[in-house]
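# Notes for the structure review
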Amino acid sequence: MAEFVSSFTTGFQEVVKDDLEKRNPKIKILNLFDGLVHYKFDGDSRELEKIIYFNNTFFVLKTMKGKGLNFPSLIGAVCSAKNYFLVNKGSFRVRFQNENQFAKVDKNLTKRVEEYVLRNSKLQLDRLSPTNEIWFSIRREGFAFCGELISKRDFTEKNLNKGELRPELAYLICSFAQVKPDDVILEPFCGYGSIPIQLDKRFECKKIYVSDIDDEKIKLLQTKKIAGSAKVSISKADAFELAQISDNSIDSIITDPPWGLWENIEDIEGFYKKMFVSFKRVLKAQGKMTILTARTAEFENAVRESNLTIQKSLHTLVNGKKATLYYL
């Protein structure tokens with residue numbers, strides 16, 4: 001089987017591991033790191049592009065493990081063997097990455113790699129605007145790889161509204177929440193609908209109640225495909241009241257509430273305490289909450305004073321901002 005490496009959002013390695021094992025039986029994980037998975041795959045490589053949380057995916061030419069890894073040794077190992085290139089037409093350039101930062105190497109080393117690729121493939125050199133890239137990457141965990149970039153996610157913001165969660169992050173949040181087929185789920189701060197859209201599209205559940213206090217966001221969500229789903233109910237509602245939700249009727253709340261960083265919320269801890277009062281009313285006795293926030297100290301204080309329990313959490317980055325995802 002061919003080997004591949006794919007990157008994903010930092011902090012979600014265990015979520016990715018569980019999701020891949022559950023949904024992608026053709027994948028055999030070889031190494032798992034923060035934000036990176038190395039695996040064997042028996043199938044059409046184009047299927048990997050359908051995995052929503054994969055960012056960059058590489059066809060592996062060489063991997064190395066151990067202490068003191070460096071670019072000369074990795075380049076030497078690659079160039080001393082004959083390699084098969086998965087994409088063997090178009091143009092290429094060579095890139096070097098050290099601990100997720102692009103790095104410069106000696107020009108002679110770069111030239112050696114370029115000449116190697118030209119000899120062993122039908123690719124043409126284009127350092128400015130190539131159709132393909134060959135990456136040499138070294139990570140702090142003692143793992144290095146050389147790979148041919150075969151798919152790259154577009155990270156431009158043009159298709160997202162300000163403050164809208166990326167689809168891949170919304171998916172990972174839902175996967176972290178351990179959604180079950182008989183769950184009745186509530187998203188009370190739905191915003192532009194990133195979380196409920198992923199729930200409806202990719203997860204089995206019984207019912208999804210979707211709400212927000214912003215009338216414009218609700219009207220926009222009602223124009224989207226999710227509004228036609230039989231298992232989705234969309235309404236304008238105050239998360240502190242949730243008048244549309246009966247007591248003890250919700251299995252799981254999955255949400256990304258305001259962080260008080262851009263909104264005018266003077267007391268974010270008090271905001272969370274008031275939120276928990278409402279959530280506890282609608283949740284069943286064994287109900288669970290999955291909540292994303294960057295205000296970790298205030299959030300955890302509110303959790304303790306609300307007599308709730310944090311069962312697990314993970315740290316990640318949201319648009320460059322440190323945030324934590326909690327399971328209560």
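What counts as what
- Residues numbered from 1 in each chain as written.
- Predicted model: local features only at pLDDT ≥ 70, side-chain atom pairs only at ≥ 80, totals over all residues.
- Heavy atoms only, no water.
- Phe/Tyr/Trp six-rings, centres within 6.5 Å; stacked < 30°, edge-to-face > 60°.
- Helix = DSSP H or I, 4+ residues; strand = E, 2+ residues; numbered from the N terminus.
- Lys NZ or Arg CZ within 6 Å of the ring centre and 35° of its normal.
- Buried < 20%, exposed > 50% of the residue type's maximum accessible area, 1.4 Å probe, protein only.
- Contact = heavy atoms within 4.5 Å.
- Salt bridge = Lys/Arg side-chain N within 4 Å of Asp/Glu carboxyl O.
- Axes fitted to C-alpha atoms, helices over the stretch in contact; angles between N-to-C directions.
- Parallel < 35°, antiparallel > 145°, perpendicular 65-115°, else oblique.
- Left-handed = near helix turned anticlockwise from the far one by under 90°.
- Nonpolar A, V, L, I, M, F, W, Y, C, P; charged D, E, K, R; others polar.

## What to know about the packing of aromatic side chains
- Tallying each qualifying case throughout the model produces 22 aromatic pairs.
- An angle of 25 degrees between the planes, with centres 5.4 Å apart, marks the rings of Phe96 and Phe136 as stacked. Of this pair, Phe96 sits in strand β5 (residues 91–98) while Phe136 sits in strand β8 (residues 132–139); the two residues are 40 residues apart in sequence, bridging distant segments of the chain.
- Here the aromatic cluster, defined as three or more aromatic residues joined through ring pairs, consists of Phe4, Tyr39, Phe41, Tyr53, Phe54, Phe59, Tyr84, Tyr171 and Phe203.
- Directly above the aromatic system of Phe203 lies the positively charged group of Arg23, at a separation of 4.8 Å from the ring centroid.
- Just above the ring of Phe176 sits the side chain of Lys312; from NZ or CZ to the centre is 4.6 Å.

## As for helix α4 (residues 167–176)
- With nine of ten residues buried, α4 is to be regarded as a mostly interior element.
- Among all positions in α4, only Glu168, Leu169, Ala170, Tyr171, Leu172, Ile173, Cys174, Ser175 and Phe176 are buried.
- Those residues of α4 hidden inside the fold are in contact with α1 (13–23), α5 (194–202), β13 (250–255), β14 (283–293), β15 (312–318) and β16 (321–327).
- Following α4 by one or two positions, Gln178 adopts a phi angle in the positive range, close to 55 degrees.

## Considering the pattern of salt bridges
- Going through the model one piece at a time under the given rule, you end up with 16 salt bridges.
- In this structure, Glu47 and Lys26 form a salt bridge, with 3.6 Å as the shortest nitrogen-oxygen distance. Residue Glu47 is located in the loop between β3 (36–41) and β4 (56–65), and its partner Lys26 is located in the loop between α1 and β2 (27–33); the two are separated by 21 residues in the primary sequence.
- Judged by its relative accessible area of 32%, Glu47 is partly exposed.

## A word on the packing of helix α7 (residues 268–282) against helix α8 (residues 296–305)
- Where α7 contacts α8, the two axes come as close as 8 Å, and the packing angle between them is 40 degrees. Judged by the inter-axis angle, α7 sits oblique to α8. Relative to α8, α7 is oriented so that their crossing is right-handed. Side by side, α7 and α8 meet where Ile268, Glu269, Tyr272, Lys273, Met275 and Phe276 of the first sit next to Glu298, Phe299, Asn301, Ala302, Val303 and Glu305 of the second.
- In terms of residue class, the contact of α7 with α8 is made up of seven nonpolar, one polar and four charged.

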